Each structure stands twice: as structure tokens, then as C-alpha cells.
Amino acid sequence: MPHPVSTPVQQHDGKSNREVLVDTLQRPLRDLRISVTDRCNLRCTYCMPREVFGKDHPFLPRAELLSFEEIARLAASFVALGVEKIRLTGGEPLLRRNVEQLVEALARLSTPSGKPVEVAMTTNGVLLAAKAQSLKDAGLARLAVSLDGLSDETFKRMSDTAVPVRTVLGGIEAAQRAGFDAIKVNMVVQRGVNDHEIIPMAAHFRADNSGTILRFIEYMDVGNTNGWCMDEVVTAAEILQTIAARYPLRPIEPNYGGEVAERWAYQDGAGEIGVIASISRAFCHSCTRARLSTDGKLFTCLFAGSGLDLRAPLRAGASDTALEELISSRWQQRRDRYSELRSAATEGAGLAEAKKVEMSFIGG
Ligand code: SAM
Ligand code: SF4
Ligand code: SF4
């Protein structure tokens, strides 16, 4: 069935009256997440369970990966169309050799109004201690480090490796020393698996006085392999209740419109935390994010079943204008609102069974 195509609207971007590309729900294109590898050095049970991503798993051969030059070229097209923030993810982005070179190329991009593009990365932190300074020097502005618990027992259970928590904490400390604009620590909370770590994690990052912000993420039904069920989701409301019972909280204003995390400050002044309520308070209405998979497909939703191949036209010699047309026409057709529909459907039945892309392939 053909999708209705909306017309770009005129919108103030603060300084000028610029044409803004919007989708069918009037959402602009602002953020781009790029998966730089489908491989990972952990096997988190909720993302890349070892039964599925084992020794025989067919990861992408090298020739299928976008090169840094190809990523930078596509990123420039996205930036020309409105993207202001780029996040490198994966798989594990620090497994991609010389990823700093890509950071450097992306950090050189600027928006049509002349603003430098902000480059960020989400990493599991295992290789961060050795890389933090070079990433900062290459122009990486912000970092999110995933860590689901402070005890080795919990971490091993969730990440299914023998890497000690100390290694990830060492990575976070190296990043704090390197002086990024912002460091966030992301904890996915899964009932009965790591919910007992909510308070220890809050206590640890409250006490470290570094400005690092801990964010709690509701466990999501991404991909087809993690065996998700609603019973395992600890909602943002529950998480906040647990923390507030120990450390009283007050809500604070978002940093900008459409911010995904809801912000809460400790009443005693010991910093802030965030909750990302993708399940219990879906935020599709303000979702401005496009995703570029490791092999160069454009996905307009984390839960999409298929993406638009940009690698083939790129390798066939498409001009910048042709690439921009492909991207903008796909964005104009975009109607994704999976999480809102999941909330609307009775207990998410049906939707959770639809065929979706794996998160390690397009990044979180
Ligand atoms: N390997 C890197 C890392 O773990 O930070 C980057 C890629 S990972 C797919 C990006 C983020 O997605 C991580 O913070 C991870 O915890 C989150 N994630 C993966 N599967 C998830 C799920 N089922 N529900 C919620 N978050 C998930
Ligand atoms: Fe790897 Fe990140 Fe997925 Fe864990 S969440 S398996 S670290 S890609
Ligand atoms: Fe965006 Fe899709 Fe997530 Fe909704 S479900 S917030 S549209 S990525």
C-alpha cells in the first residue's frame, strides 16, 4: 500500500526560517544512530543471547560493513537534512578498529546553519579505559556506558562473560578524567535478575561526585531473540519509588523538548538520575531518530522489520543529492510508533511476536 507523503513544513529553527523535513506525524529528523559493527565482546542475555549469537553465528563479512568514508558520506547527507546529533553504537563500537578516525570525521560536520554536529557513543565500557582519551581528543562529546549492576555475580549473569565489573568502572573513571561534556551510565532493569542492584547503583554514582548521570532503562522487547515478557519489565514508576524510598527525589525540567529520559534530582543535592520509560510511557510522538545499520540500511524505528538500503546506491556512485532524496523520501513516509501501539494493544500481545530487526544490528 502506498504511504501518504506529507509536505515539509516551514518552521523556525531559532535563527532562520528553514524548511524542516518532517514525517507523517510531523516529527523532524534530528538524531542519527550509527551501528559501526554487529559484533560484541559481551553476550547480554537481553540483547545477544549466546544460544543465538554463538560461535557459528553469521556475523557480517568485512565487505558488507560500511567503510568509515561511506559512513561519513551518508552522515553528511543526514546532517544536510536536519540531523544535529550522531551517536555511534553497535554491537560494541569500540571493537571497530580505529573508530577514533570515524569520530574525527563526523565531528567535522556542521549543520546547514553552521552548528557543529554533536558526536556521542554508547559503549559497554569494557575497552574504554584504553580509549577514553583518544576518543575525547578525536572530538567525541558525550558518552553513555552500559552497566547493569555492581556485583560481578549480577554482571556475569546479564552479560554472560567473565569480564569483572571493575573493568567497566575503570573505563568510566578514565572517561571522567578525559573530561567529556557528559557521561551517562545506562542500566537496563530486568525483574528478578538485577532489580536488587537499583539501590547499590544509585548509591555508587551519587557518591562519586563526578556529575555522571545514572539512567534506568525499562527492559524492552527488541529483536526476536531475548524472550521478552511484560512480567520482567520493572516500570520507571517502580524504579523511582524504590529509589525515592531511600533517597528522596524531585522531578526536574527536561534539557530540551523531546528528551527521552525523564530527569529526577536527589533532594539532598547529590546530583540527578534519569528514567527511560520506553514501555510504560512510550515517547514515539517525539521520536526524531533515524538508525543506520552496520551494512548501510536506514531504519526509521528500533522495532522496524526492514530498512532502506543506502549502501547499494552509494557504492553504485549515487550523488549527494540522490542520497538525500532517498533519505528524505523515506523520512517523509515514516509513520512508526511501535511503542505507543504496543501500549495500546492489550498487554502487548501480537506486536511482540512481529518479526523485528535485532538491536545489536542497528544499535540501541
Ligand atoms: N554495546 C554497546 C552497549 O551495550 O552500550 C552499544 C550497543 S547496545 C545495543 C545499546 C544499548 O541498548 C545498551 O545500553 C543496552 O543496555 C541497551 N539494550 C539492549 N537490549 C535492550 C533491551 N532488550 N531493553 C532495553 N535496553 C536494551
Ligand atoms: Fe553487546 Fe551492548 Fe548488546 Fe550487551 S547490550 S550484548 S554489550 S551490544
Ligand atoms: Fe521511536 Fe520506534 Fe521507539 Fe517509537 S518505538 S520511540 S518510533 S524508535
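Use the structure listed above.
Note that the coordinates shown come from a computational prediction; the quantities given were computed from them, not determined experimentally.

Rules used in this analysis
Residues numbered from 1 in each chain as written. Chains lettered and ligands numbered in written order. Predicted model: local features only at pLDDT ≥ 70, side-chain atom pairs only at ≥ 80, totals over all residues. Heavy atoms only, no water. Buried < 20%, exposed > 50% of the residue type's maximum accessible area, 1.4 Å probe, protein only. Helix = DSSP H or I, 4+ residues; strand = E, 2+ residues; numbered from the N terminus. Pairing = 2+ DSSP bridges. Right-handed = clockwise from strand over helix to strand, strands pointing away. Near = heavy atom within 4 Å. Polar contact = N/O pair within 3.5 Å; in protein donor to acceptor, adjacent residues only side chain to side chain. Areas by Shrake-Rupley, 256 points an atom, 1.4 Å probe, with all protein chains shown as cover. Nonpolar A, V, L, I, M, F, W, Y, C, P; charged D, E, K, R; others polar. Salt bridge = Lys/Arg side-chain N within 4 Å of Asp/Glu carboxyl O. Axes fitted to C-alpha atoms, helices over the stretch in contact; angles between N-to-C directions. Parallel < 35°, antiparallel > 145°, perpendicular 65-115°, else oblique. Left-handed = near helix turned anticlockwise from the far one by under 90°. Contact = heavy atoms within 4.5 Å. Phe/Tyr/Trp six-rings, centres within 6.5 Å; stacked < 30°, edge-to-face > 60°. Lys NZ or Arg CZ within 6 Å of the ring centre and 35° of its normal.

Some points on the pairing of strand β3 (residues 31-35)
- Counting buried positions over the five residues of β3 gives five, a clear majority of the element.
- Here β3 shows a buried face lined by D31, R33 and S35 and a second buried face lined by L32 and I34.
- As defined by bridge partners, β3 adjoins strand β4 (residues 85-89) across five bridges and the pair is classed as parallel. Bridging from a neighbouring strand, D31 pairs with K85 of β4.
- Crossover handedness for the path β3 to helix α1 (residues 68-80) to β4: right-handed.
- The pairing of β3 with strand β12 (residues 289-292) spans four bridges and is classified as parallel.

As for the site of ligand 1
- Around ligand 1 lies a shell of 19 residues, among which G91, T123, S146, V188 and M220 are the nearest.
- One nitrogen or oxygen atom from the main chain of T123 is found 3.2 Å from an oxygen atom belonging to ligand 1.
- In isolation ligand 1 has 550 Å² of accessible area, and contact with the protein removes 94% of it.
- Within the residue set of the shell around ligand 1, elements represented by two or more residues are β5 (118-123) and β8 (213-218).
- Considering only residue class, the shell around ligand 1 consists of eight nonpolar, nine polar and two charged.

Points about the pattern of salt bridges
- Applying the stated rule across the entire model yields 18 salt bridges.
- Here R311 makes a salt bridge to E64, at a shortest N to O gap of 3.8 Å. Of this pair, R311 sits in helix α8 (residues 311-315) while E64 sits in the loop between β3 and α1, and the two are 247 residues apart along the sequence.
- Residue E64 is classed as partly exposed on the basis of its relative accessible area of 30%.
- For E70, the salt bridge is made with R315, and the minimal N-O distance between the two is 2.8 Å.

Quick look at the site of ligand 3
- By nearness alone, every residue bordering ligand 3 is listed as F283, C284, C287, R291, C301, L302, F303, R334, D336, Y338 and S339.
- Taken together, the residues of the shell around ligand 3 break down into seven nonpolar, one polar and three charged.

A look at unusual backbone geometry
- Non-glycine residue Q26 carries a positive phi angle of around 65 degrees.
- Mapped onto the secondary structure, Q26 falls in the loop between β2 (17-20) and β3.
- The phi dihedral of N209 is positive, around 55 degrees, even though this residue is not glycine.
- The topology assignment puts N209 in the loop between α6 (198-207) and β8.

As for the packing of helix α2 (residues 99-107) against helix α3 (residues 128-138)
- In the contact formed by α2 and α3, the axes pass within 8 Å of each other and the chain directions differ by 25 degrees. As judged from the angle between their axes, α2 and α3 are roughly parallel. As for how α2 packs across α3, the hand of that crossing is right-handed. Here α2 contributes V99, E100, V103, E104 and A107 to the contact with α3, which in turn contributes K131, S134, L135 and A138.
- Each residue belonging to the contact of α2 with α3 can be placed in one class, and the counts come to five nonpolar, one polar and three charged.

A short note on the packing of aromatic side chains
- Per the counting criterion, the structure on display carries three aromatic pairs.
- Their ring planes at 80 degrees and their centres at 5.8 Å tell us that Y247 and Y266 sit as a pair that is edge-to-face. In this pair, Y247 is assigned in the loop between α7 (236-246) and β9 (249-252) and Y266 in strand β10 (residues 262-266), connecting sequence segments 19 residues apart.
- Residue class for Y266 comes out buried when judged on its relative accessible area of 3%.
- The aromatic ring of Y256 is capped on one face by K85, whose charged end is 3.8 Å from the ring centroid.
- When the ring centre of F303 is taken as origin, the NZ or CZ atom of R342, which lies over that ring, is 5.4 Å away.

Bear in mind that shape data such as this cannot, by itself, settle questions of function.
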